[in-house]
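# Summary of structural features
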Amino acid sequence: MTLPTTPPISARPSVVVTRRLPRTIETRFTDLFETTLGADDDRPMTKAALMKAVSSCEVLVPTVTDKICADIIAAAGPNLRLIANFGAGSDHIDVAAAHARGIIVTNTPGVLTEDTADLAMALILAVPRRLVEGDRLTRAGGFTGWAPTAHLGHRVRGKKLGIIGMGRIGQAVARRAHAFGLSVHYHNRRQVPAPISDALDATYWEDLDAMLATVDIVSINCPSTPSTKHLINAQRLSKMSEDSYIVNTARGDVIDEAALADALADGRIGGAGLDVFEAEPKVHPKLMNLPNVILAPHIGSATHESRREMGEKVLINIRALIDGHVCPDRVLPPRETVSLAS
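Residues numbered from 1 in each chain as written. Predicted model: local features only at pLDDT ≥ 70, side-chain atom pairs only at ≥ 80, totals over all residues. Heavy atoms only, no water.

Moving on, we get to the pattern of salt bridges. For the coordinates displayed, the defined rule picks out 17 salt bridges. Between R236 and D209 there is a salt bridge, and its shortest N-O distance comes to 2.7 Å. Remark: D209 occurs in helix α9 (residues 208-214) and R236 occurs in helix α10 (residues 234-237); sequence separation between them is 27 residues. Across the pair D323 and R319 runs a salt bridge, and its minimum N-O distance is 3.1 Å. Residue D323 is classed as partly exposed on the basis of its relative accessible area, which comes to 42%. Look at R319 and you get partly exposed, because its relative accessible area is 31%. (Salt bridge = Lys/Arg side-chain N within 4 Å of Asp/Glu carboxyl O. Helix = DSSP H or I, 4+ residues; strand = E, 2+ residues; numbered from the N terminus. Buried < 20%, exposed > 50% of the residue type's maximum accessible area, 1.4 Å probe, protein only.)

This is the structure we're talking about:
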């Protein structure tokens, strides 16, 4: 396919940043580029505002809260050269439509790995030990002293952890899990290379249903694709035991949230830790009242260090384009439907 001819990018391009970023990163943007920063109230831009922005800017810097659909791509002016996403995902961007217009799409992979894995491990520890339930009980004045049978949870050491999606974050979770005495199992669209699986002492399961029936804790670390939407549905939740737990720090639509709420309410699984939601920022109302689920506000990468490094990645991709180099974190349209992390 022959891509349309695009004009060269300015030495000091016009850049629209859709949300507020760390102050040091915003300062770098305003020093280097003709930058329009996100609104002071830090609310996501409307579709109309995004269409107006892409009609005139050379670089758009969106986040996961911005749905850059084909309509917005179609509204892009001839000068839009780059959509430099502030975040590792790209499922909220119509990459194929951008590619067809000759617009480059980049993201910020790698820098979120350790912080997201930390949060996944925190949930893996907190949910079986009912940590947040205990916090609520204590704050409500319900703690009356230690008792032999009060607030019992489950030991983590010796349990089987099933990782869905053994990419960078899945591997980082596996490394942490070993330190806590968990055995690691994983399901992926293909087996990871032997040196990696050997180092992680990880057992591969081609059959996801069989793995779910075997493990005690499930950690979701795969991307959102058409094939992974509702990958964990009512039928698959039924494979899990009553004392099993599920943690999701990837994308909300990988789990059928309504089915999960029913399974938790009925005691068909023991608990869940969720950092992402299917209709974010909305949460299924049934989940809101369940004691055996931890609801985190999408904070997997919410550290000062990670946010600064994400901003630096965006800056590097913009500078590469200005200097006539290949953007190091370019995202291309998928050649085939991808089900799990590679």
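Here the narrative resumes, following the displayed structure.
Attention shifts here to the packing of aromatic side chains. Per the counting criterion, the structure on display carries two aromatic pairs. The interplanar angle of 65° and the centroid separation of 5.8 Å between the aromatic rings of F29 and F33 together place this pair among those described as edge-to-face. Comparing F29 with F33, the two get one shared label, buried. Ring geometry for Y186 against Y204: centres 5.2 Å apart, planes inclined by 50°, an arrangement best described as tilted. Pair noted here: Y186 is in strand β7 (residues 183-187) and Y204 is in strand β8 (residues 202-204), with a separation of 18 residues, a long-range link. (Phe/Tyr/Trp six-rings, centres within 6.5 Å; stacked < 30°, edge-to-face > 60°.)

Space left empty within the atom packing is revealed by a probe, the size of a water molecule, rolled over the atoms. Of the pockets and cavities examined, the second largest pocket occupies roughly 250 Å³. Class assignment for the residues of the lining of the second largest pocket results in five nonpolar, six polar and no charged. (1 Å grid on protein atoms, 1.4 Å probe; cavity = no way out; pocket = protein on both sides within 12 Å on 5 of 7 lines; lining within 4 Å. Points joined across faces, edges and corners; volume = space filled by probe spheres on them. Nonpolar A, V, L, I, M, F, W, Y, C, P; charged D, E, K, R; others polar.)

Right, let's get into the packing of helix α1 (residues 23-32) against helix α13 (residues 304-322). Interhelical geometry of α1 versus α13 gives an angle of 15° and a closest axis separation of 9 Å. When the axis of α1 is compared with that of α13, the two are roughly parallel. Note on packing geometry: the crossing formed by α1 with α13 is right-handed. On α13, the residues touching T24, I25, R28, F29 and L32 of α1 are R308, G311, E312, V314, L315 and I318. (Axes fitted to C-alpha atoms, helices over the stretch in contact; angles between N-to-C directions. Parallel < 35°, antiparallel > 145°, perpendicular 65-115°, else oblique. Left-handed = near helix turned anticlockwise from the far one by under 90°. Contact = heavy atoms within 4.5 Å.)

Tallied over the full model, the rule gives one cavity of 30 Å³ or more. Taken as a whole, the largest cavity holds about 30 Å³ of empty space. Residue composition of the lining of the largest cavity, by class: five nonpolar, two polar and one charged.

A separate point is the sheet that holds strand β6 (residues 160-164). Read across the sheet, seven strands follow the order β8-β7-β6-β9-β10-β11-β12 without closing on themselves; strand pairing throughout is parallel. Across the chains shown, the open sheet's two edge strands, defined by having one partner strand only, are β8 and β12 (293-295). Going from strand to strand, the sheet's axes swing by 20° on average, the running direction of each strand aside. With five bridges connecting them, β6 and β7 associate as parallel partners. Following the sheet pairing, K160 is matched in β7 by S183. Each of β6, β7 and β9 (217-220) is contacted by helix α7 (residues 168-179), which is oriented at about 170° to β6, the strand it contacts most. (Pairing = 2+ DSSP bridges.)

Remember, this is a structural readout, not a statement about activity or role.
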